[in-house]
Amino acid sequence: MKFANVERGGRPLVVLINEGKIVPLGALTPWLEKGATLPTTTDELLKSPERIASIRNAWERLGPDRSKFESKQQTEVRFLPAVLHPGKLICIGLNYKKHAEETNMPLPKQPVVFSKFSDSVAAHGDIIPYPSETKQLDYEAELAIVIGRTASNVSEEEALDYVFGYCCANDLSARDLQMRSGQWLLGKTGDGFAPIGPYIATADEISDPDALRISASINGKTVQDSNTSDMIFSCREIIAYLSKYFTLRPGDVILTGTPEGVVFGQPETARVWLKTGDEVTISIEGLGELTNTIGE
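My aim in this report is to walk through the structure given alongside it, one point at a time. Once a new chain begins, its residue numbering starts again from 1 and follows that chain's sequence as written. Local features in a predicted model are, by the rule used here, given only for residues with pLDDT of at least 70; side-chain atom pairs are given and counted only at 80 or more, and totals for whole chains, interfaces and linings are based on all residues. As a rule here, side-chain values cover all heavy atoms of the structure and leave hydrogens and water aside.

## Let's talk about the overall build of the protein
Logical step 1: The secondary structure listing takes helices from DSSP runs of H or I that are at least 4 residues long and strands from runs of E that are at least 2 residues long, numbered from the N terminus. From N to C terminus, the protein includes six helices and 18 strands.
Logical step 2: Computed over C-alpha atoms, the radius of gyration of the protein comes to 19 Å, within 12% of the 19 Å expected from 2.2 N^0.38 for 296 residues, which places it in the range of a compact globule.
Logical step 3: With the principal axes as the frame, the protein shows a C-alpha extent of 60 × 45 × 30 Å.
Logical step 4: Working definition: with a 1.4 Å probe on protein chains only, accessible area under 20% of the residue-type maximum means buried, over 50% means exposed, and in between means partly exposed. The buried share of the protein, taken over its 296 residues, is 57%.
Logical step 5: Throughout, a residue-residue contact means that at least one pair of heavy atoms, one from each residue, lies within 4.5 Å. Across the protein, every contact between residues at least 6 apart in sequence was considered, and the portion connecting residues at least 24 apart equals 74%.
Logical step 6: Surface accessibility in these figures is a Shrake-Rupley result with a 1.4 Å probe; residues are shielded only by whichever protein chains are displayed. Only carbon and sulfur atoms are counted for the fraction: they give 49% of the accessible area of the protein, which is about 13200 Å².
Logical step 7: Positive and negative side-chain charges in the protein, numbering 30 and 40 respectively, have mean positions lying 3 Å apart. Radius of gyration here uses only the C-alpha atoms, and the compact-globule reference equals 2.2 Å multiplied by the residue count raised to the power 0.38. We treat Lys and Arg as the positive residues and Asp and Glu as the negative residues; His and chain ends play no part in the count. All charge positions are set by atom: Lys at NZ, Arg at CZ, Asp at CG, Glu at CD.

## Re the pattern of salt bridges
Logical step 1: Basic side-chain nitrogens of Lys or Arg form a salt bridge, by our definition, when they fall within 4 Å of a carboxyl oxygen of Asp or Glu. Counted according to the given criterion, the structure contains 14 salt bridges.
Logical step 2: Arginine 78 is the salt-bridge partner of glutamate 7, the closest N and O atoms lying 3.4 Å from each other. Linking glutamate 7 in strand β1 (residues 2-8) with arginine 78 in strand β4 (residues 78-79), this pair joins segments that are 71 residues apart in sequence.
Logical step 3: Notably, a salt bridge pairs aspartate 126 with arginine 78, separated by 3.7 Å at the nearest N-O pair. Here arginine 78 lies in strand β4 and aspartate 126 lies in the loop between β7 (121-122) and β8 (127-128), a separation of 48 residues in the sequence.
Logical step 4: Each of Lys116, Asp138, Glu140, Asp171, Arg175 and Lys188 takes part in salt bridges that share partners, so that together they form one network.

## A word on the nonpolar core
Here is a general trend for soluble globular proteins: nonpolar side chains tend to be buried in one another's company.
Logical step 1: For the purposes of this section, nonpolar cores are sets of buried Ala, Val, Leu, Ile, Met, Phe, Trp, Tyr and Cys residues that join through side-chain atoms within 4.5 Å. Judged by nonpolar contacts, the single largest core of 59 residues is most densely connected at Ile145, Tyr166, Ile239, Leu248, Ile254, Leu274 and Leu287.
Logical step 2: For leucine 274, the contacting residues outside a window of four places in its chain are Tyr130, Leu137, Asp138, Tyr139, Leu172, Ile218, Val280 and Ile294.
Logical step 3: Ranked by size, the runner-up nonpolar core spans 33 residues in total, among them Val23, Ala144, Ala169 and Ile200.

## Thoughts on helix α6 (residues 235-243)
Logical step 1: Restricting attention to buried positions, one finds in α6 the residues Cys235, Ile238, Ile239, Ala240, Leu242 and Ser243.
Logical step 2: On the buried face of α6, the contacting elements are β5 (89-93), β6 (112-116), β10 (141-147), β11 (163-170) and β16 (253-255).

## Considering the packing of aromatic side chains
Logical step 1: Note on ring pairs: Phe, Tyr and Trp rings are taken, using the six-membered ring of Trp, and paired if centres are within 6.5 Å. Classes follow the plane angle, with under 30 degrees stacked, over 60 edge-to-face and the rest tilted. Taken as a whole, this structure holds three aromatic pairs when the rule is applied.
Logical step 2: Seen from their ring centres, phenylalanine 3 and phenylalanine 164 are 6.2 Å apart, and the 35° between their planes marks the pair as tilted. In this pair, phenylalanine 3 sits in strand β1 while phenylalanine 164 sits in strand β11, placing the two residues 161 residues apart along the sequence.
Logical step 3: Residue classification places phenylalanine 164 among the buried residues on the basis of a relative accessible area of 8%.
Logical step 4: Taken together, a centroid distance of 5.1 Å and an interplanar angle of 55° make the contact between tyrosine 241 and tyrosine 245 tilted.
Logical step 5: The class of tyrosine 245 is exposed, set by a relative accessible area of 58%.
Logical step 6: Note that arginine 149 overlies the ring of tyrosine 162, its terminal NZ or CZ placed 4.3 Å from the centroid. Look at NZ for Lys and CZ for Arg. If either is within 6 Å of the ring centre and within 35 degrees of the ring normal, a charge sits over the ring.

In structure tokens:
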């Protein structure tokens, strides 16, 4: 199933995405078990496994009639971040072989971990403000993992059992600010620097997260085109590794690194940084397209 947060009439609600069309969860009400209630955001859904099961069962009962309940107001909704308020926003750096090579950095022996603040989260369609302190704004297409169960010291074999789903992400980076400190924080956690969405595809929809085509385009021109199979540390390895150092909880989001093709990986004389008005689209197989415009 595919879940998205949207805003309609000034209020948030969680919807299903069926073949690219929005289906309000309210359409499932007659098919819900007695006493079952619907969440208003994916954040609520992530912390309520029984609701997920109830919605899935109702969706199956709806069967071929699903198209009847597609919203007639597809253009009247505004997407919100796929997870509104992640408890933790964890990022993995240098996790693609070719990306490490293009930046002339050695392949890491263990995951390179950093973080962003939750204020960085943005939605599909949002305009991302250009920070006044940078002149080197870069894009990074990334696969995001959304945690669905509390995970502490889990094994690699069991790691994917703790995943609720996956979505597209863009790890926007101000390179000149990033290098001011060893933690990378200043260049990584600007307002809107973590667009995630447009929806979350539940884990059962993605048979192998380590074999997905991933790409980025700027104003329609492809600048990144790779596959998650080039990741140095797989999704299983990342989840297991992180869970050994801190507890992962439902609603935590992990950005798993970016492939080659970022501006920072190009020769200095060839670098063309993002500018106001640029439209950036992240595409991942099975997870749709996440598009944002760089504002002023």
